[in-house]
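# Structure assessment
This is what each chain is made of:
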Amino acid sequence: MKNRLYELRTQRKLSLMDVCELYKANFGEQLSVKTLRALEKENQVAPLNVYINLADLFDVTLDFFLARADAPAEEIRMHQKGLVETEV
C-alpha cells in the first residue's frame, strides 16, 4: 500500500506534531506522535475511525487515503457534480 499519510502530511509541510495538534483540535481525541509515526511506517494498524478522521483532516476520501483510489476528494467531487468530463 502506498503511504498516503506521509505523502499528504509532507505535501502540506506539516510536522508529525502539527498533525497531532490538528487531530486533537478537530476531533477532540489524542493521537500521539509515536502512533502517527507508526501509522506512516505501516508498523501499526489503527481503528477505522482514526483513518476516517485523518482522511477528513486532509480533505480526501477514505479510498484515496487508503490508496484504493488515485484521485483526491476534490477531483472526485468535481466528477460527481459533472464539472469534469470523464475520460473515455
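Here the structure is a predicted model, which is why all the values come from computation and not from measurement. (Residues numbered from 1 in each chain as written. Predicted model: local features only at pLDDT ≥ 70, side-chain atom pairs only at ≥ 80, totals over all residues. Heavy atoms only, no water.)

### Points about the side chain of Arg 9
Worth spelling out the cut-off: Strands are runs of DSSP state E lasting at least 2 residues, helices are runs of H or I lasting at least 4, and numbering of each runs from the N terminus. Between buried and exposed lies partly exposed: a residue is buried under 20% and exposed over 50% of the maximum accessible area for its type, with that area taken using a 1.4 Å probe on protein chains only. Working rule for contacts: check all heavy atoms of both residues, and any pair within 4.5 Å makes them a contact.
Counting through the fold element by element, Arg 9 comes out in helix H1 (residues 4–11). The exposure class of Arg 9 is buried, given its relative accessible area of 10%. Setting aside residues up to four positions removed in sequence, Arg 9 forms contacts with Leu 14, Ser 15, Leu 16, Val 19, Glu 40 and Phe 58.

### What to know about the packing of aromatic side chains
Formally: Note on aromatic contacts: the rings of Phe and Tyr and the six-membered ring of Trp form a pair at centre separations within 6.5 Å, being stacked when their planes are under 30 degrees apart, edge-to-face when over 60 apart, and tilted otherwise. In our convention, an over-ring charge means Lys NZ or Arg CZ found within 6 Å of a ring centre and within 35 degrees of that ring's normal.
Evaluation of the coordinates by the stated rule reveals two aromatic pairs. Look at Tyr 51 and Phe 65: their rings are 6.4 Å apart centre to centre, the planes differ by 55 degrees, and that puts the pair in the tilted class. Pair noted here: Tyr 51 is in helix H4 (residues 48–57) and Phe 65 is in helix H5 (residues 62–65), with a separation of 14 residues, a long-range link. Like Phe 65, Tyr 51 is buried. For the cation-ring pair, Arg 4 lies above Phe 64, with the distance from its terminal atom to the ring centre recorded as 4.1 Å.

### Comments concerning the environment of Met 17
Tracing the backbone shows Met 17 in helix H2 (residues 16–27). Considered as a pair, Met 17 and Lys 34 are 17 residues apart in the sequence and their alpha carbons are 9.8 Å apart.

### Some words on the confidence of the model for the protein
Put simply, the rule reads: The predictor attaches a confidence to each residue, and that confidence, scored 0 to 100, is pLDDT.
Averaged over all residues, the pLDDT of the protein equals 83, while 77% of them reach at least 70. Per-element mean pLDDT across the protein ranges from 54 in helix H6 (residues 73–80) up to 97 in H2.

### Details of the packing of H1 against helix H3 (residues 33–40)
Worth spelling out the cut-off: For helices, the fitted axis covers only the stretch in contact; all axes are lines through C-alpha atoms, and the angles between them, taken along N-to-C directions, range from 0 to 180 degrees. In this classification, Asp, Glu, Lys and Arg are treated as charged, Ala, Val, Leu, Ile, Met, Phe, Trp, Tyr, Cys and Pro as nonpolar, and every other residue, Gly included, as polar.
Running from amino to carboxyl end, H1 crosses H3 at an angle of 115 degrees, the nearest separation of the two axes being 8 Å. Only Leu 36, Leu 39 and Glu 40 of H3 make contact with H1, whose side of the interface consists of Leu 5, Tyr 6 and Arg 9. Looking at the contact of H1 with H3, its residues break down into four nonpolar, no polar and two charged.

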